[in-house]
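An overview of the molecular structure
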Amino acid sequence: VAKQIAGMQISSIIEDARHESMQLGISLDYVLNELEETARTAMSHQEWRHDGQFVMTFGGFLKKYGGCEDKPPTEWIEAMHVDPPQDPNFHQLTPVLGYGKSTPGYGK
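Residues numbered from 1 in each chain as written. Predicted model: local features only at pLDDT ≥ 70, side-chain atom pairs only at ≥ 80, totals over all residues. Heavy atoms only, no water.

1. A word on the overall build of the protein chain
Scanning the protein chain from N- to C-terminus turns up 6 helices and 3 strands. When its helices and strands are written in sequence order, the protein chain yields α-α-α-β-β-α-α-β-α. Projecting the C-alpha coordinates of the protein chain onto the three principal axes gives extents of approximately 70 × 30 × 25 Å. For the protein chain, long-range pairs separated by at least 24 residues make up 52% of all intrachain contacts whose partners lie at least 6 apart in sequence. (Helix = DSSP H or I, 4+ residues; strand = E, 2+ residues; numbered from the N terminus. Contact = heavy atoms within 4.5 Å.)

2. Description of the sheet that holds strand β3 (residues 80–82)
The sheet built from 3 strands is open, its strands ordered β2-β1-β3 with antiparallel pairing. With partners counted over all chains shown, the strands left at the sheet margins are β2 (55–57) and β3, one partner each. The average undirected angle you get between the axes of adjacent strands in this sheet is 45°. The pairing of strand β1 (residues 48–50) with β3 spans 3 bridges and is antiparallel. For H50, the partnering residue across the bridge sits in β3 and is M80. The strands that helix α4 (residues 58–65) touches are β1 and β2; relative to β2, the one it contacts most, it runs at about 100°. (Pairing = 2+ DSSP bridges. Axes fitted to C-alpha atoms, helices over the stretch in contact; angles between N-to-C directions.)

3. Some words on the environment of L35
Mapped onto the elements, L35 comes out in helix α3 (residues 35–44). In this structure L35 comes out as partly exposed when scored by relative accessible area, which is 26%. Between the C-alpha atom of L35 and that of R49, which follows or precedes it by 14 residues, the distance is 23 Å. Among residues more than four places away in sequence, those in contact with L35 are Y30 and L97. (Buried < 20%, exposed > 50% of the residue type's maximum accessible area, 1.4 Å probe, protein only.)

What follows is the structure in structure tokens.
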């Protein structure tokens, strides 16, 4: 009887966690129908620079080299200005869509 009760409690906890996780994610419809346009628009509003190895936004430079908005890394100051990448990778999209004041949904 104790195992049955424990099993039901565990199942309930797992189901609650699954439901909460789904609430925190993004919908498949958004990924398939809106994400690309959101990403392209957000990318076009960012300044992109090339450090000799990678094309990144200011957020990417901060992640790689450190610094802050008030004191950007030297690598950012010296990097060549470039156009946004045509086929961005995860590391290029993360500072554009994932964190910072300019990301979609910030402050909402």
